[in-house]
Amino acid sequence: GSPRFSDEQPVHEVAVPAFLISKFEMTQAQWRRATGASPSHYPGDPLQPVEQVSWEESRRTLARWGLRLPSEAEWEYAARAGTTSEWWTDDLAGAGNLADRTGKRRGLAKGEDWDDGEGPPCPVGRYRANPLGLHDTIGNVWEWCEDSYHGDYRGAPSDGSAWVEPATSVRTARGGAYGQLAEHSRSATRSGFAPGYRVGDLGVRPAMAIPAR
């Protein structure tokens, strides 16, 4: 969590059991291999992240491969990579695809003072990895999590599991996107969308439990 916005509070400790998570956002090529089609609004390079996929579609597709959506706690643990700062790095230029000078030239109202050279989603792995070796946890596309979206963390589980509320249909996405400013793409940034929602800056990063031996 973070003291910055109410839905990121209270800051709290969570014990996250060992798990596996992809170093990249799921690509269009991987999605096409799993489903036979690509729903992306930005087709092209097969290494671009798949986007315009709903929470429901993502969950079903990952399950076919024995994968799943990460919990919010798992996602934030992986994105922070041992840091407690707002981003895993102090040098944001080259760390993620965000709204920048390129974005402003392409019609976005606001952008950062640097130019990361990209507008819409770029191929995964183009920017520096965080200390755990994960790419694109800052920007590029939002990433679905398993959890229901809650207005704050009061009552959140402390064991790293997904916080699912049957009466709440809105689901959580993390990480920000190419059209977001850096302040909206922090390790603690959260957003909520309907489970059937699909848009060109919303994708998925697969996770899975460590297989039993």
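Up top is the structure.
Just so it is clear, the model here is predicted, and its values are computed rather than measured.

Asks: So what exactly am I meant to see when it comes to the environment of P206 here?
Replies: Within the fold, P206 resides in the loop between β5 (202–203) and β6 (207–208). What makes P206 buried here is its relative accessible area of 11%. Here the alpha-carbon distance between P206 and W144, two residues 62 residues apart in the chain, equals 9.3 Å. P206 has contacts with I21, S22, F24, M26, L62, L67 and R68, leaving out every residue within four places of it along the chain.

Asks: Can you walk me through the layout of surface pockets in this structure?
Replies: A water-sized probe, rolled over the atoms, reveals where empty space remains. In this structure, the largest pocket spans a volume of roughly 490 Å³. Looking at the largest pocket, it is lined by 21 residues, and the ones nearest its centre are G1, H12, V14, E76 and R80. The element contributing the most residues to the lining of the largest pocket is helix α3 (residues 72–80), with 5 residues. For the lining of the largest pocket, the residue count by class is 10 nonpolar, 7 polar and 4 charged.

Asks: Would you explain the side chain of E8 in this entry?
Replies: Among the secondary structure elements, E8 is positioned in the segment before β1 (20–21). What makes E8 buried here is its relative accessible area of 2%. In this structure the side chain of E8 is engaged in a polar contact, spanning 2.6 Å, whose partner is the side chain of R186. With residues up to four places along the chain from it excluded, the contact list for E8 reads G1, S2, Y153, R186, A188, T189 and R190.

Asks: Hey, could you run me through the sheet that holds β5 in this one?
Replies: Through backbone hydrogen bonds, the strands of a sheet pair up, either in parallel or in antiparallel fashion. Strand order in this open sheet of 4 strands is β4-β3-β2-β5, and the pairing throughout is mixed. One side of each edge strand has no neighbouring strand; the edge strands of this open sheet are β4 (190–193) and β5. Lying on the sheet, α3 is in contact with β2 (142–148), β3 (171–174) and β4; it crosses β2 at an angle near 140 degrees.

Asks: How do you make sense of the pattern of salt bridges when you look at a structure like this?
Replies: Summed over the entire model, instances satisfying the criterion amount to 13 salt bridges. One salt bridge in this structure joins R198 and E57, with 3.5 Å as the shortest N-O distance. Separated by 141 residues along the polypeptide, R198 in the loop between β4 and β5 and E57 in helix α2 (residues 55–64) bring together distant segments of the chain. Between E72 and R190 there is a salt bridge, with its nearest N and O atoms 2.9 Å apart. Here E72, found in helix α3, pairs with R190, found in strand β4; they are 118 residues apart in sequence, far enough to count as distant. A residue is classified by how much of its surface remains accessible, and R190, at 6% relative accessible area, is buried. Each of E72, E76, R80, R174 and R190 takes part in salt bridges that share partners, so that together they form one network.

Asks: Could you clarify how one ought to interpret unusual backbone geometry in this entry?
Replies: The step from Q9 to P10 runs through a cis peptide bond, and the omega angle for that step is -5 degrees. Inspection of the secondary structure assignment puts P10 in the segment before β1. Phi at Q52 takes a positive value of approximately 60 degrees, unusual for a residue other than glycine. Locating Q52 in the fold gives a position in the loop between α1 (28–35) and α2. The exposure class assigned to Q52 is partly exposed, which follows from its relative accessible area of 22%.

About the thresholds
- Residues numbered from 1 in each chain as written.
- Predicted model: local features only at pLDDT ≥ 70, side-chain atom pairs only at ≥ 80, totals over all residues.
- Heavy atoms only, no water.
- Helix = DSSP H or I, 4+ residues; strand = E, 2+ residues; numbered from the N terminus.
- Buried < 20%, exposed > 50% of the residue type's maximum accessible area, 1.4 Å probe, protein only.
- Contact = heavy atoms within 4.5 Å.
- 1 Å grid on protein atoms, 1.4 Å probe; cavity = no way out; pocket = protein on both sides within 12 Å on 5 of 7 lines; lining within 4 Å.
- Points joined across faces, edges and corners; volume = space filled by probe spheres on them.
- Nonpolar A, V, L, I, M, F, W, Y, C, P; charged D, E, K, R; others polar.
- Polar contact = N/O pair within 3.5 Å; in protein donor to acceptor, adjacent residues only side chain to side chain.
- Pairing = 2+ DSSP bridges.
- Axes fitted to C-alpha atoms, helices over the stretch in contact; angles between N-to-C directions.
- Salt bridge = Lys/Arg side-chain N within 4 Å of Asp/Glu carboxyl O.

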